[in-house]
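# An overview of the molecular structure
Next come the chains, spelled out residue by residue.
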Amino acid sequence: MSASFRKHPVGNLLDRLYLLAGYLAAACLMGLLVVIVMQMVARWTDLTFPGGTQYAGYLMAASTFLAFAYTLNSGGHIRVELLLQALGKSKFLVELWCLLVGTAASSYLAWYAVKLVYWSRKLHDLSQGLDATPLWYVQIPVAAGAIILAVCFADNLVTVIFTRRDNINQSAEAGLTE
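Residues numbered from 1 in each chain as written. Predicted model: local features only at pLDDT ≥ 70, side-chain atom pairs only at ≥ 80, totals over all residues. Heavy atoms only, no water.

Glancing now at helix H5 (residues 135-163). The end-to-end C-alpha separation of H5 is 42 Å, in line with the 42 Å expected for 29 residues at 1.5 Å each. Following H5 by one or two positions, Arg-164 adopts a phi angle in the positive range, close to 65°. (Helix = DSSP H or I, 4+ residues; strand = E, 2+ residues; numbered from the N terminus. Expected span 1.5 Å × (residues − 1).)

Structural data, given as structure tokens:
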């Protein structure tokens, strides 16, 4: 998504949302580093750090899901450009098909991630570790990331339908192939 292409206010707002999700993913990775260091220090000093392993897992899942949309729009996901270029005029139909499948799959994932948060809250589901954290707290970032990914796929789908090109940053893709 080059700066000259994305001028619509909604598109710019969505780009900022994807960037914010990317920053939150980075913050989760920093939190993961802190948890791992705390576990190491606790082990060296014979202290206990209840739930450290669980929190590391929660932060890893949150960082993964929050990074999906930013990575997609910045061209970080693998796309087979050689195949797409070889398709010629069929490229539009293949990209349209892929974005339709991606939108459907990510929407399905988002729906069930939100449902998981709802039922975990309703049933007062707790983690099985010593920390006894309510699971819906730590499932929210995963659901938010899944929702943002579904919005990102739908955004790219609508853009492809109306402009015959997607929002994926082409310069990042070029950097991956060089």
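Attention now goes to helix H4 (residues 91-122). Taking 1.5 Å as the rise per residue, H4 with 32 residues should run 46 Å; its terminal C-alpha atoms sit 46 Å apart, in good agreement. Turning to H4, its buried residues are Phe-92, Glu-95, Leu-96, Leu-99, Gly-102, Thr-103, Ser-106, Ala-110, Ala-113, Val-117 and Ser-120. In the core, the buried residues of H4 are packed alongside helix H3 (81-87) and H5. Within two residues after H4, His-124 carries a phi angle of roughly 55°, on the positive side. (Buried < 20%, exposed > 50% of the residue type's maximum accessible area, 1.4 Å probe, protein only. Contact = heavy atoms within 4.5 Å.)

Residue Asp-46 is not a glycine yet carries a positive backbone phi of 55°. One can find Asp-46 in the loop between helix H1 (9-44) and helix H2 (52-73). Even without being a glycine, His-124 presents a positive backbone phi close to 55°. Its place among the elements puts His-124 in the loop between H4 and H5. Look at His-124 and you get exposed, because its relative accessible area is 64%.

In the contact formed by H2 and H5, the axes pass within 8 Å of each other and the chain directions differ by 10°. Taken together, the axes of H2 and H5 are roughly parallel relative to one another. Counted together, Tyr-58, Ala-61, Ala-62, Phe-65, Leu-66, Phe-68, Ala-69, Leu-72 and Asn-73 of H2 and Leu-135, Val-138, Pro-141, Val-142, Gly-145, Ala-146, Ile-148, Leu-149, Cys-152, Phe-153 and Asn-156 of H5 form the full contact between these two elements. (Axes fitted to C-alpha atoms, helices over the stretch in contact; angles between N-to-C directions. Parallel < 35°, antiparallel > 145°, perpendicular 65-115°, else oblique.)

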